[in-house]
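So the chains spell out like this:
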Amino acid sequence: MQIGVHALVFTGTFDRDGISLAVEKTAAAGFDLIEFPLMDPFAFDREHAAKELAAHGIAATASLGLSDATDLTSDDPAVRAAGERLLEECLDIVHALGATKLCGVLYSAMKKYVTPPTAEGRAASAAAIGRLAEKAADLGIDLSLEVVNRYETNLINTGRQALGFLDEIGRGNVFVHLDTYHMNIEESDLIQPVLDVDRRLGYVHIGESHRGYLGSGTVDFDSFFRGLARVGYDGPVVFESFSSTVVSATLSNTLGVWRNLWDDGDDLAAHANRFIRDGLRTVETIALH
C-alpha cells in the first residue's frame with residue numbers, strides 16, 4: 001500500500017518550479033506517492049515531472065475532473081469528443097511518468113448539475129470510458145472513477161451507483177475511487193460502501209469533513225480503515241485537502257473553499273502522513289488480538 005498526498009496541498013501552480021516544489025515537499029513529508037492534478041494536461045511538463053520523481057524516489061498518480069467543455073455526458077457530440085481527447089492526453093502523461101493510475105471525475109463535468117442525468121448521457125459516458133479503458137490497458141494503466149457528492153456530479157454519488165456504472169462499462173481495468181470527504185456526505189456509513197465495492201476498489205482519497213486537519217472533523221476514519229483491511233485493499237491511499245492560501249482563486253471557487261482551515265501545507269501534510277499510517281497500523285493489529 002502506498003500512502004500519498006495531493007499536490008495541491010503544496011502548490012496551485014504546475015509549471016516546472018511548481019512540479020519540483022510539490023515533489024520535494026511530498027518526499028520531505030514522508031509520503032510514498034504524489035497525485036498530480038492535470039488541470040491543464042497539454043501544458044504539463046511530463047518529462048520534467050518524471051525526472052523529479054526519479055530524483056526523489058517518489059511514485060505518482062494523476063487525476064482530474066472534466067468541465068462543461070469536456071463533459072462526456074453532454075448531448076453535444078463535439079463536447080464529448082473533446083473530453084475523450086483530453087483524457088487520452090492524460091493517459092499519455094500517466095504513462096510518461098511511469099505511473100499506472102488515472103483517477104477522478106473522468107465521466108462527467110465536476111459541477112453542480114440542475115437536472116438528473118439522462119439515459120443518453122449516461123450511455124455516452126460509459127461508452128467513452130470503455131474506449132478510454134481499452135487504450136489505457138495497452139499502456140498498463142487502470143482508471144478509477146471517483147464517487148463524489150451531489151454538488152459535484154449527478155451521475156455517481158455512492159459506491160453502489162459506481163458499481164452499476166462499472167457494469168455498464170464492462171472493462172476489467174476500470175475501478176471505483178472512494179473519497180471519505182464525499183462518503184461522509186452521501187453514504188450511510190463509512191464501512192459498508194468499502195465492503196460493497198470490495199475488489200473493485202482501485203483508489204482512495206482521505207479527506208476530513210471540512211477539508212482540514214484529519215481527526216478534527218466528523219469523518220469516521222476508524223470504520224473506513226477497518227473496511228480497507230476487511231477487503232484486503234492494497235492500492236494508493238492519498239490525502240487530499242484544499243486552501244485558497246495555496247490554490248488559485250478560480251480553483252478555490254470551483255471547489256467551494258469559502259474558508260481556510262489551514263495555512264501551512266507542510267505541517268498539514270506531515271500530520272496527515274502520520275494520521276493515515278497510524279490508523280492503518282492500528283487496524284492491522286486487530287489481527288493479533
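Our subject is the structure that appears above.
The shown structure was predicted, so the numbers you read here are calculated from the model rather than taken from an experiment. (Residues numbered from 1 in each chain as written. Predicted model: local features only at pLDDT ≥ 70, side-chain atom pairs only at ≥ 80, totals over all residues. Heavy atoms only, no water.)

In total, this model carries 5 aromatic pairs according to the counting rule given. Here the aromatic rings of phenylalanine 221 and phenylalanine 275 are separated by 5.3 Å at their centres, their planes lie at 75°, and the arrangement is edge-to-face. Here phenylalanine 275 lies in helix α10 (residues 265-284) and phenylalanine 221 lies in helix α8 (residues 221-231), a separation of 54 residues in the sequence. Using a relative accessible area of 4% as the deciding quantity, one classes phenylalanine 221 as buried. The rings of Phe221, Phe224, Phe225 and Phe275 are connected pair by pair, giving a single aromatic cluster. One Lys or Arg, lysine 111, reaches over the ring of tyrosine 113 and ends 4.7 Å from the middle of that ring. (Phe/Tyr/Trp six-rings, centres within 6.5 Å; stacked < 30°, edge-to-face > 60°. Helix = DSSP H or I, 4+ residues; strand = E, 2+ residues; numbered from the N terminus. Buried < 20%, exposed > 50% of the residue type's maximum accessible area, 1.4 Å probe, protein only. Lys NZ or Arg CZ within 6 Å of the ring centre and 35° of its normal.)

All right, on to α8 then. All buried positions along α8 are accounted for by Phe221, Ser223, Phe224, Phe225, Gly227, Leu228 and Val231. Against α6 (180-186), α7 (192-197), β7 (201-206), β8 (237-239) and α10 lie the buried residues of α8. Once α8 ends, the next one or two residues include glycine 232, with phi positive near 70°. (Contact = heavy atoms within 4.5 Å.)

Across all of its chains, the model carries 15 salt bridges by this definition. We note a salt bridge from aspartate 68 to lysine 111, for which the minimum N-O separation is 2.8 Å. Highlighted residues: aspartate 68 in the loop between β3 (59-66) and α3 (77-96) and lysine 111 in the loop between β4 (101-109) and α4 (119-138), separated in sequence by 43 residues. Here aspartate 167 ties to arginine 200 by a salt bridge, and the two come within 3.0 Å at their closest N and O atoms. Taken together, the positions of aspartate 167 in helix α5 (residues 159-169) and arginine 200 in the loop between α7 and β7 put the pair 33 residues apart, joining distant regions of the chain. Among the residues examined, arginine 200 registers a relative accessible area of 31% and is labelled partly exposed. (Salt bridge = Lys/Arg side-chain N within 4 Å of Asp/Glu carboxyl O.)

Before going further, it helps to spend a moment on the sheet that holds strand β6 (residues 174-179). The parallel closed barrel is built from 8 strands, whose spatial order is β1-β2-β3-β4-β5-β6-β7-β8. Geometrically, the sheet is characterised by an average inter-axis angle of 30° between neighbouring strands, direction not taken into account. Pairing analysis gives 4 bridges linking β4 to strand β5 (residues 142-146), with the strands arranged parallel. Within β5, the residue paired with cysteine 103 across the bridge is serine 144. Sitting on the sheet, helix α1 (residues 16-28) touches β1 (3-6) and β2 (33-37), and the angle it makes with β2 is about 150°. (Pairing = 2+ DSSP bridges. Axes fitted to C-alpha atoms, helices over the stretch in contact; angles between N-to-C directions.)

Of note in this structure, aspartate 198 is not a glycine but carries a positive phi near 55°. Within the element layout of this structure, aspartate 198 appears in the loop between α7 and β7. Positive phi outside glycine occurs at arginine 211, with the angle close to 70°. The topology assignment puts arginine 211 in the loop between β7 and α8. Assessed through its relative accessible area of 12%, arginine 211 is described here as buried.

Here asparagine 149 shows up in the loop between β5 and α5. Dropping the residues within four chain positions of it, asparagine 149 is found in contact with Asn157, Tyr181, His182, Ile185 and Glu186. Reaching out from asparagine 149, the side chain makes a polar contact with the backbone nitrogen of tyrosine 151 at a distance of 2.7 Å. (Polar contact = N/O pair within 3.5 Å; in protein donor to acceptor, adjacent residues only side chain to side chain.)

A word on the environment of lysine 25. Following the sequence through the fold, lysine 25 ends up in helix α1. For lysine 25, the contacting residues outside a window of four places in its chain are Phe10 and Asp266.

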